[in-house]
Amino acid sequence: MRDNMNVNISGLIGTLFCVMMLSCTPKDGYQRAALISYDDFSSTQKLIGTNLQFDDTILKPMRIQVFDSLLFTVNTREEKLIHVFNLKSQKKIGERISSGQGPGEMLQPYFVKIDTAWVHLFDMSSFTLHVYATKDFITNLLPVVIRKVKLSEPTFGEIRLLGNDMVSSAYNPNNQFISFNSNGEKSMEFGTYPISNNAFSDAEKVEAYKSSFTTNHKDRIAVCYNWTDLIDILDGKGHLKKRIHGPKQFISTFKEFRDGDVVSASPVKGHNRDAYFCPISVGEDLFVLFSGKAEDEADYSMLANQMFVFDWDGNPKQILLLDQGIFAFTVDKENKKIYGISDKPDFHLVAFSYN
């Protein structure tokens, strides 16, 4: 009898806990979320872009990276995937990384990190991190790989450095991220999805909470959700430090569907908006593009002309309003320059100066 009572009491406590947690979730909101609006940013600056002109075409870059006076563009479907431009002379100085699967070749490279010592490139097709000496990568047409680290498991997107580890999206309904040690061996999965009053199935959850993320390379992860204006700041162990919802405080709706044995989810028309994408760590700050637009709006574009700046504790600092939309960017902190990519009316690079 007493054992049954203990079981019943335990079950009752569990039920009450769930009810209390849901009751603490605001309508159309998230648990543990601090609401923000445009007014919470201390300043707003309007930026006028200048189209960059070089002595050679920029093709159709999908990613961009700046280091010192050099600008690197990452292209697809080209014989050489990375093109290097000198910002001072406005000249193209070379091409790097042949497209392919042979020695020294890649198919889907992107910059993980570049500093005075090392260039870190990750090839998403082979799940391999390549490390080069920066001077060699800049001056040598065929830079020599100093170190290669192949991940023990496939990843679902880009990786970021977090201390001595590497982090990538896990794309499963239980954990958001997967981490690997410096040798590429899986160490753990972590990160819990936000809880709202929207009852998502597993398939709906992983689609509705797709995100772009970055790290400060040390002890913080910024999870910027693509379909709801939500940002999670995690510590180095993956624990939630701060959750911010805004500035428009919307939640997009997804509906599960089946195609044979395949279960997936798609956005519900009229109940879906673009939110945050392309977060970048810039010293003590986090820069991220924000859209807030719905596809059924007359002026809808995948390009964003709002850029928000937060500190790494998730506090809003500044709004940068761009006079033209971009879909990817990089920041030169020393010279207070933002370099972005736009494809409207055609592909071009644009530079903005900020304070």
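Just above sits the structure.
Keep in mind it's a predicted model, so treat the numbers as computed, not measured.

Q: Is there a simple way to think about the sheet that holds strand β12 (residues 159–162) in this case?
A: The strands making up a sheet associate through backbone hydrogen bonding, with each pair oriented either parallel or antiparallel. Spatial ordering of the open sheet is given by β12-β13-β14-β15, a layout of four strands whose pairing is antiparallel. Single-partner strands in this sheet number two, and they are β12 and β15 (186–190). Averaged over all pairs of adjacent strands, the angle between their axes in this sheet comes to 25°, without regard to strand direction. Direction of pairing for β12 relative to strand β13 (residues 165–169): antiparallel, over a ladder of four bridges. Along β13, the bridge assignment pairs Arg160 with Val167.

Q: What is the right way to read unusual backbone geometry from this model?
A: The bulk of non-glycine residues show a negative phi, and the bulk of peptide bonds are trans. In this model, Gly246 is joined to Pro247 through a cis peptide bond whose omega is 15°. For Pro247, the location among the structural elements is in the loop between β19 (240–245) and β20 (254–259). The linkage connecting Lys344 with the following residue, Pro345, adopts the cis geometry, with an omega of 0°. Mapped onto the elements, Pro345 comes out in the loop between β27 (337–342) and β28 (348–353). Even without being a glycine, Arg32 presents a positive backbone phi close to 65°. By the secondary structure assignment, Arg32 is in the loop between α1 (2–23) and β1 (33–35). Taking relative accessible area as the criterion, Arg32 reaches 62% and is therefore assigned exposed. Phi is positive for Phe127, close to 55°, though the residue is something other than glycine. If you trace the backbone, Phe127 turns up in the loop between β9 (118–123) and β10 (128–133).

Q: Just to check I follow, could you spell out a nonpolar patch on the surface for this structure?
A: A cluster of nonpolar side chains, Trp118, Val144 and Ile146, forms an exposed patch at the surface whose accessible area comes to about 300 Å². Secondary-structure assignment places Ile146 in strand β11 (residues 145–150).

Q: When you look at the pattern of salt bridges in this model, what are you seeing that I'm missing?
A: Opposite charge on two side chains permits them to pair, given that their charged atoms come into close proximity. Scanning the entire structure with this criterion turns up 13 salt bridges. Lys92 serves as the salt-bridge partner of Asp56, at 3.4 Å between the closest nitrogen and oxygen. Highlighted residues: Asp56 in the loop between β3 (50–51) and β4 (63–67) and Lys92 in strand β7 (residues 91–98), separated in sequence by 36 residues. The exposure class of Asp56 is partly exposed, given its relative accessible area of 34%. Using a relative accessible area of 18% as the deciding quantity, one classes Lys92 as buried. Between Asp313 and Arg220 there is a salt bridge whose closest N-O contact spans 3.8 Å. Placement of the pair is Asp313 in the loop between β24 (304–311) and β25 (316–326) and Arg220 in strand β17 (residues 220–225), with a sequence separation of 93 residues. Each member of the salt-bridge network shares a partner with another, and the members are Asp56, Lys92 and Glu95.

Calculation rules
Residues numbered from 1 in each chain as written. Predicted model: local features only at pLDDT ≥ 70, side-chain atom pairs only at ≥ 80, totals over all residues. Heavy atoms only, no water. Pairing = 2+ DSSP bridges. Helix = DSSP H or I, 4+ residues; strand = E, 2+ residues; numbered from the N terminus. Axes fitted to C-alpha atoms, helices over the stretch in contact; angles between N-to-C directions. Buried < 20%, exposed > 50% of the residue type's maximum accessible area, 1.4 Å probe, protein only. Patch = residues over 30% accessible without salt bridge, like charges linked within 9 Å, V, L, I, M, F, W, Y side chains within 5 Å. Areas by Shrake-Rupley, 256 points an atom, 1.4 Å probe, with all protein chains shown as cover. Salt bridge = Lys/Arg side-chain N within 4 Å of Asp/Glu carboxyl O.

These values are about where atoms sit, not about what they do.
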